[in-house]
Amino acid sequence: MKTKNIKKIIAFILCLIFVLSAFTGCASEAQKAEVMTAFNELYPKSAEINKIIYGQGLPASESFTEEELEALPAAHFVPVAESSPYKSEKALRDAILAVYTQDYYNDVLKYTAFEGYGESGSEPPPRYKEMDGVLYVNVKFMSYNLAGNRIVSEATVRKISGGVATIKTPYELNGERTDKILTMIYTESGWRFDDPTF
């Protein structure tokens, strides 16, 4: 084999290794920086989405005393307040998909947010419904305890492979500190979380 051909083959192999490194665990510092930039941009938005879906929820247009709430059926929907940042299912869904992957939305979030569980969608019922173009919130929804705290300032990229990144963050709950892993996936719209972030 001629020296010229050998050099071409070696150059091709080196180029291939360089390209493939973008999709393997051997992430460059530039790739890690890109992931951390996306993480730092998306994490505060995910905290807002978590509160809307699992925590205090969007504000309701009506208020109820504890006694009045107890007397209501298992699900009671009222329109969201005028002050709500989202007034339609589409607007809220778009905000969710700006943070989380479509797969995570389809597998988990849409049921809690909009569809409910069980054959009738009532076991338990969803947090929100849109009726006649108006977004309604279920005032009987039992909010989750989101008391834990991720130390996002200490987040580090553990691995990037095939468009999937794993990020380790310290997590504090009830005075105890552990490490938690978050998965981010590169989509056609950019990096998105593929795990719960609370």
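As the structure is a prediction and not an experimental result, all values here were calculated from the model.

S.K.: How do you make sense of the environment of Lys129 when you look at a structure like this?
M.R.: Looking at the element boundaries, Lys129 is found in strand 2 (residues 128-131). For the pair Lys129 and Glu89, spaced 40 residues apart in sequence, the C-alpha separation works out to 7.3 Å.

S.K.: Where do I start with the packing of aromatic side chains in this structure?
M.R.: Geometrically, a pair of aromatic rings is defined through the distance of the ring centres and the angle of the planes. Enumeration over the complete set of coordinates arrives at 10 aromatic pairs. Seen from their ring centres, Phe39 and Tyr43 are 5.7 Å apart, and the 25° between their planes marks the pair as stacked. Of this pair, Phe39 and Tyr43 both sit in helix 2 (residues 29-53), four residues apart, roughly one helical turn. The residues Phe39 and Tyr43 share a single accessibility class, namely buried. Measuring from centroid to centroid gives 6.3 Å for Phe141 and Tyr144, while their planes differ by 15°, and the two rings are stacked. According to the relative accessible area criterion, Phe141 is buried, its value standing at 14%. Note on Tyr144: relative accessible area 42%, which makes it partly exposed.

S.K.: What exactly am I supposed to notice about the layout of surface pockets here?
M.R.: In this approach a probe as big as a water molecule rolls over the atoms, and the regions it shows empty are the leftover space. Reported here for the largest pocket is a volume of approximately 250 Å³. Along the wall of the largest pocket there are 15 residues; nearest its centre are Tyr43, Leu146, Ala147, Gly148 and Phe198. Sorting the residues of the lining of the largest pocket by element identifies helix 2, strand 4 (149-150) and strand 6 (164-173) as the ones contributing at least two each. Residues belonging to the lining of the largest pocket are distributed by class as follows: seven nonpolar, five polar and three charged. Empty space within the second largest pocket amounts to approximately 150 Å³. Taken together, 13 residues make up the lining of the second largest pocket; nearest its centre are Pro124, Pro125, Phe141, Met142 and Tyr144. For the lining of the second largest pocket, the class distribution of residues is nine nonpolar, three polar and one charged.

S.K.: Even after reading the chapter, I still don't get the pattern of salt bridges, so can you show me in this structure?
M.R.: Any two side chains of opposite charge can pair if their charged atoms end up close together. Applying the stated criterion across every chain, the model contains seven salt bridges. Between Glu29 and Lys32 there is a salt bridge whose closest N-O contact spans 3.9 Å. Of the two residues, Glu29 and Lys32 both sit in helix 2, three residues apart, roughly one turn of that helix. Given a relative accessible area of 61%, Glu29 falls into the exposed group. By sharing partners, the salt bridges in this structure join Glu154, Glu172 and Arg177 into a single network.

S.K.: Looking at this model, I keep getting lost on the nonpolar core. Mind explaining?
M.R.: Generally speaking, soluble globular proteins have nonpolar side chains that are buried together. By size, the foremost hydrophobic cluster in this structure holds 36 residues, and its most contacted members are Phe39, Ile96, Met184 and Phe193. Among the secondary structure elements, those contributing two or more residues to this core are helix 2, helix 4 (89-97), helix 5 (102-115), strand 3 (134-138), strand 5 (156-161), strand 6, strand 7 (176-187) and strand 8 (190-193). For this core, the leading source of residues is helix 2, giving nine residues.

S.K.: Explain helix 5 here, please?
M.R.: Residues three or four positions apart in an α-helix share a direction because the helix packs 3.6 residues into each turn. With 14 residues, helix 5 extends only 15 Å from end C-alpha to end C-alpha; this falls clearly short of the ideal 20 Å at 1.5 Å per step. Considering bend angle alone, the principal kink of helix 5 is centred on Leu109 and spans about 60°. Taken as a whole, helix 5 has its buried residues at Tyr104, Tyr105, Leu109, Lys110, Thr112, Ala113 and Phe114. Buried residues in helix 5 make contact with helix 2, helix 4 and strand 2.

S.K.: What am I meant to see in the packing of helix 4 against helix 5 here?
M.R.: Angle between the axes and distance between the axes are the two parameters that describe a pair of packed helices. One way to put it is that helix 4 packs onto helix 5 with a least axis distance of 11 Å and a crossing angle of 140°. Comparing the axis directions of helix 4 and helix 5 gives the class oblique. Of the two possible hands of crossing, helix 4 and helix 5 adopt the one that is right-handed. Of the residues in helix 5, those touching helix 4 at Glu89, Leu92, Arg93, Ile96 and Leu97 are Gln102, Tyr105, Leu109 and Phe114. Of the residues in the contact of helix 4 with helix 5, the class split is six nonpolar, one polar and two charged.

Cut-offs applied
- Residues numbered from 1 in each chain as written.
- Predicted model: local features only at pLDDT ≥ 70, side-chain atom pairs only at ≥ 80, totals over all residues.
- Heavy atoms only, no water.
- Helix = DSSP H or I, 4+ residues; strand = E, 2+ residues; numbered from the N terminus.
- Phe/Tyr/Trp six-rings, centres within 6.5 Å; stacked < 30°, edge-to-face > 60°.
- Buried < 20%, exposed > 50% of the residue type's maximum accessible area, 1.4 Å probe, protein only.
- 1 Å grid on protein atoms, 1.4 Å probe; cavity = no way out; pocket = protein on both sides within 12 Å on 5 of 7 lines; lining within 4 Å.
- Points joined across faces, edges and corners; volume = space filled by probe spheres on them.
- Nonpolar A, V, L, I, M, F, W, Y, C, P; charged D, E, K, R; others polar.
- Salt bridge = Lys/Arg side-chain N within 4 Å of Asp/Glu carboxyl O.
- Core = buried A, V, L, I, M, F, W, Y, C linked by side-chain atoms within 4.5 Å.
- Expected span 1.5 Å × (residues − 1).
- Bend = angle between axes of the 7 residues up to and from the residue.
- Contact = heavy atoms within 4.5 Å.
- Axes fitted to C-alpha atoms, helices over the stretch in contact; angles between N-to-C directions.
- Parallel < 35°, antiparallel > 145°, perpendicular 65-115°, else oblique.
- Left-handed = near helix turned anticlockwise from the far one by under 90°.

So yeah, pure geometry; function would need other evidence.
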